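Tertiary structure, described
If you want the building blocks of each chain, they are given just below.
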Amino acid sequence: MHHELERQVDRLRKCETWDRLVAAPAPSTGSFSWRPSTGEIRWSDELCRIFELDPPLTVERVRTRVHPEDVGIFDSTFDLACRTGNDFEGQHRFLMPDNSIKHLRVVAHATRDQDGQLEYIAAVRDVTARRQSEEALDKARSELARVSRLSIMGELAASIAHDVNQPLTGIINNANACLRLLDNGNLDPGVLQGALENIVADATRASAVLARIRAFIKNSPATRSELDINEVIREVLPLASRELHENQVQLQYKLTKGLPPVLVDRVQLQQVLLNLIINGIEAMFTVTDRMRLLWVQSTADELGDVLVAVRDSGTGLGLEADRFFTPFFTTKATGMGMGLTISRSLIEAHGGRLWASPNFPHGATFSFTLPVATRGRS
Amino acid sequence: MIDGAVVFVVDDDPSIRSSLKFLISSVGLQVESFDSVEALSRRKLPDIPCCLVLDVRLQGLSGLDFQHELAARNCPMPIIFVTGYGDIPMSVQAMKAGAVEFLTKPFRDQDLLDAIRSALQKDRSRREQEKEVADLKGRFNLLTPREKKVISMVVSGMLNKEIAYQLGTAENTVKVQRSRAMEKMQAQSITDLVRMIEKLNRVA
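Because the structure is a prediction, the values reported are computed rather than measured.

The helix and strand tally for chain A stands at 12 helices and 12 strands. Burial analysis of chain A (378 residues in total) assigns 33% to the buried set. For chain A, restricting intrachain contacts to residue pairs at least 6 apart in sequence, the fraction spanning at least 24 positions comes to 66%.

Here's what the structure looks like:
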């Protein structure tokens with residue numbers, strides 16, 4: 001049995017998810033394989049030591065160790081895995097018999113056995129020590145990265161809102177005043193001329209703001225480089241981990257290996273991805289009767305372009321899918337309504353497309369394409 | 001249209017400032033505009049109904065700060081706030097501090113003009129009230145100490161006979177003092193007098 005497990009672990013090591021998270025064979029890494037169809041589990045000795053359980057291990061026995069606050073998310077992780085057969089990862093707190101808390105990270109890769117049955121090969125790593133020593137540092141680092149990504153977009157949005165709103169207010173006031181005077185037969189041609197000149201000046205000012213934004217977006221591609229889209233997605237996911245965890249959103253992703261590189265600005269692409277992910281999470285704020293699931297997928301579309309989809313199980317698009325891309329349209333109490341507008345501009349500046357489509361029965365998918373690097377350069 | 005009234009506009013954006021001035025003057029109101037609250041502070045405020053259309057975010061002293069300053073200076077000019085991006089806590093704060101209205105740019109012109117009308121109306125009735133009280137005080141101060149004493153007893157519901165008895169004087173004397181006091185106060189009736197004294201007591 002152990003020989004079989006080692007062979008599978010070997011296979012797993014070749015898989016990139018494994019490389020990233022559990023590459024170094026640390027003493028606190030355990031592994032197991034699991035067939036959802038039969039419930040059969042095989043485990044390494046280290047896994048028993050991590051859970052502080054004597055063999056045999058079962059999902060039910062491991063579950064008794066899960067911290068009460070994390071049981072819900074633990075259950076949904078496994079439920080979802082059974083139903084979808086996707087790779088998954090998660091981090092849960094476990095309560096040990098001596099009341100100490102362990103932070104355990106699981107990374108599971110879906111495979112099919114000889115009979116085509118779903119089988120997960122998974123690694124479990126005790127990240128408690130790392131968490132305790134690096135928690136503060138990690139938090140500061142990811143917060144900094146997150147804030148800088150979000151605030152660039154947020155500040156841009158706020159400044160657009162203000163700089164466009166001021167001249168619009170001027171135009172509306174001037175036009176309304178003219179209408180009132182006209183109504184009373186009181187509109188002097190000199191006054192009208194002055195008002196119209198002001199309206200023209202304000203409208204010019206508003207359009208100059210928009211030209212500035214366009215220039216801002218256009219000027220950025222100087223920093224474009226050939227990147228693996230999966231790499232960018234993996235960089236962004238940790239930036240959203242706090243929102244995911246705080247809102248009990250389950251993250252699943254399926255990144256297609258061997259996609260051709262895309263020619264993109266790394267920071268802009270991170271902004272777009274983070275914006276779509278945070279939107280997805282926020283769309284699930286009010287969801288209580290079903291699982292809050294965020295699903296990120298990279299693939300190639302029928303034209304060979306790289307396609308990224310961010311899917312949520314939230315409140316969906318309603319009948320106004322197109323309006324989501326209208327500047328200042330927002331469904332959020334505190335939103336500016338600029339995130340998707342900017343995201344779409346950024347993607348289009350890269351030669352791609354960004355659109356929204358409904359999910360059945362719940363939620364929405366925001367997808368974008370990017371041309372592959374060789375074509376992008378021509 | 002309200003005659004003899006003035007609307008002050010404070011906004012640091014010149015195009016907003018001039019468009020507001022134009023809009024407000026298009027309904028026949030007198031408008032004066034300023035680029036900062038400091039500039040407005042330098043202007044001596046006229047003794048006619050007025051109100052203030054104030055941007056919340058200004059360079060220098062902010063609109064909300066200025067609202068507090070006016071209150072501290074006991075200058076109860078009604079304020080209509082306008083803002084580029086107003087949040088709810090901000091508008092709650094402004095309304096609690098007595099703002100007439102809190103409008104987000106761009107606003108409907110009718111909303112602004114309605115708010116201005118009700119602000120001027122509010123200021124006008126406050127001024128009328130104050131003037132009436134000042135007049136009453138002036139008249140009341142014309143009364144002799146004895147007359148004041150007599151009418152305070154009249155207002156408390158005592159009969160001439162009782163007043164005379166309590167003051168140790170003749171009923172006829174009380175009658176004379178009472179009618180002289182009524183005359184000085186320009187009161188048409190006892191009810192009228194009671195209303196006046198109540199008004200004075202309310203302010204005191």
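On to the overall build of chain B, then. Regarding its fold elements, chain B presents nine helices and five strands. Reading the secondary structure of chain B in the N-to-C direction produces β-α-β-α-β-α-β-α-β-α-α-α-α-α. Sorting the 204 residues of chain B into buried and exposed places 31% on the buried side.

The subject of this paragraph is helix H8 (residues 229-236) of chain A. Among the residues making up H8(A), those that are buried are Ile229(A), Val232(A), Ile233(A) and Val236(A). Buried residues of H8(A), seen end-on, are gathered within an arc of 100° and therefore sit on one face of the element.

Counting residues at the interface gives 19 residues for chain A, matched by 15 residues for chain B. Those elements that provide at least two residues to the side of chain A that touches chain B are helix H6 (128-183) and helix H7 (189-219) of chain A. When grouped by side-chain class, the residues that make up the side of chain A that touches chain B number eight nonpolar, nine polar and two charged.

In this section: the packing of helix H6 (residues 145-155) of chain B against helix H8 (residues 171-185) of chain B. Residue and element names in this part refer to chain B. Packing of H6 against H8 leaves a shortest axis separation of 9 Å and a crossing angle of 90°. Here H8 runs roughly perpendicular to H6, going by the angle between their axes. Contacts from Arg-146, Glu-147, Val-150, Ile-151 and Val-154 in H6 reach Val-174, Gln-177, Arg-178, Arg-180 and Ala-181 in H8. A breakdown of the residues in the contact of H6 with H8 according to their chemical character gives five nonpolar, one polar and four charged.

What follows concerns the sheet that holds strand S12 (residues 364-370) of chain A. All names here are of chain A. With respect to topology, five strands assemble into an open sheet ordered S7-S9-S10-S12-S11, the strand pairing being mixed. For this open sheet the edge positions go to strand S7 (250-255) and strand S11 (353-358), each flanked by a neighbour on one side alone. In this sheet, neighbouring strand axes are inclined to one another by 15° on average, regardless of whether the strands run parallel or antiparallel. Pairing geometry for strand S10 (residues 306-312) and S12, over six bridges, is antiparallel. Bridge assignment links Val-310 to a residue of S12, and that residue is Phe-366. Helix H5 (residues 71-84) contacts S7 and strand S9 (293-300) of the sheet and is inclined by roughly 30° relative to S7. On the sheet, H8 packs against S7, S9, S10 and S12 and is oriented at approximately 165° with respect to S9.

We now examine the sheet that holds strand S5 (residues 118-126) of chain A. All names here are of chain A. Spatially, S2-S1-S5-S4-S3 is the arrangement adopted by the five strands of the open sheet, whose pairing is antiparallel. In the strand order of this sheet, the two ends are held by strand S2 (40-43) and strand S3 (88-95), each with one partner. Going across the sheet, the axis of each strand differs from the next one's by a mean of 25°, ignoring polarity. Examined bridge by bridge, strand S4 (residues 101-112) and S5 share nine bridges and lie antiparallel to one another. Counterpart to Arg-105 in the pairing with S5 is Arg-125.

Before going further, it helps to examine the confidence of the model for chain A. With 76% of its residues at a pLDDT of 70 or more, chain A shows a mean pLDDT of 79. Across residues 15-25 of chain A, where pLDDT falls below 50, the model places 16 contacts with residues more than four positions away in sequence or in other chains.

Here the focus is the confidence of the model for chain B. Low-pLDDT portions of the prediction should not be read for the details of their coordinates. Chain-level statistics for chain B give a pLDDT mean of 89 and a share of 97% at 70 or above. What the predictor reports for the complex is a pTM of 0.49 with an ipTM of 0.74.

This part takes up the nonpolar core. Counting residues in each nonpolar core, the largest one holds 41 residues, and the members touching the most others are Val7(B), Cys51(B), Ile80(B), Phe81(B) and Ile116(B). Not counting the four nearest positions on each side in its chain, Ile116(B) is found in contact with Val7(B), Ile24(B), Leu29(B), Cys51(B) and Ile80(B). Core analysis: the next-biggest nonpolar cluster, separate from the first, contains 39 residues, Leu269(A), Leu274(A), Ile277(A) and Ile281(A) among them.

Glancing now at the pairing of strand S1 (residues 6-10) of chain B. Residue and element names in this part refer to chain B. Counting buried positions along S1 yields four of five residues, so the element is predominantly enclosed. Of the pairings in the sheet, the one linking S1 to strand S2 (residues 30-34) comprises five bridges and is parallel in character. Considered in S2, the bridge of Val-10 is made with Phe-34. Considered for its hand, the β-α-β crossover made up of S1, helix H1 (residues 14-25) and S2 is right-handed. Of the strand pairs in this sheet, S1 and strand S3 (residues 50-55) are connected by five bridges, and their pairing is parallel. Bridge pairing in S3 places Val-10 opposite Leu-54.

This paragraph deals with the packing of H6(B) against helix H9 (residues 190-203) of chain B. All names here are of chain B. Two elements in contact, H6 and H9, have axes whose closest approach is 10 Å; the angle formed by their N-to-C orientations is 105°. It follows from the interaxial angle that H6 and H9 lie roughly perpendicular. Across the interface between the two elements, Ile-151, Val-154 and Val-155 of H6 pack against Ile-190, Leu-193, Val-194 and Ile-197 of H9. Its residues assigned to classes, the contact of H6 with H9 comprises seven nonpolar, no polar and no charged.

Take the pairing of S12(A) next. Sheet faces and side chains relate simply in a regular strand, where the side chains alternate between the two faces. Residue and element names in this part refer to chain A. With five of its seven residues buried, S12 lies for the most part within the structure. With six bridges joining them, S11 and S12 adopt antiparallel strand pairing. When the bridges of S12 are listed, Ser-357 appears paired with Thr-365.

Quick notes on the rules
- Residues numbered from 1 in each chain as written.
- Chains lettered and ligands numbered in written order.
- Predicted model: local features only at pLDDT ≥ 70, side-chain atom pairs only at ≥ 80, totals over all residues.
- Helix = DSSP H or I, 4+ residues; strand = E, 2+ residues; numbered from the N terminus.
- Buried ≥ 20, exposed ≤ 12 C-beta atoms within 10 Å, placed from the backbone.
- Contact = placed C-beta atoms within 7 Å.
- Arc of directions from axis to C-beta.
- Nonpolar A, V, L, I, M, F, W, Y, C, P; charged D, E, K, R; others polar.
- Axes fitted to C-alpha atoms, helices over the stretch in contact; angles between N-to-C directions.
- Parallel < 35°, antiparallel > 145°, perpendicular 65-115°, else oblique.
- Pairing = 2+ DSSP bridges.
- pLDDT = per-residue confidence, 0-100.
- Core = buried A, V, L, I, M, F, W, Y, C linked by C-beta atoms within 7 Å.
- Right-handed = clockwise from strand over helix to strand, strands pointing away.

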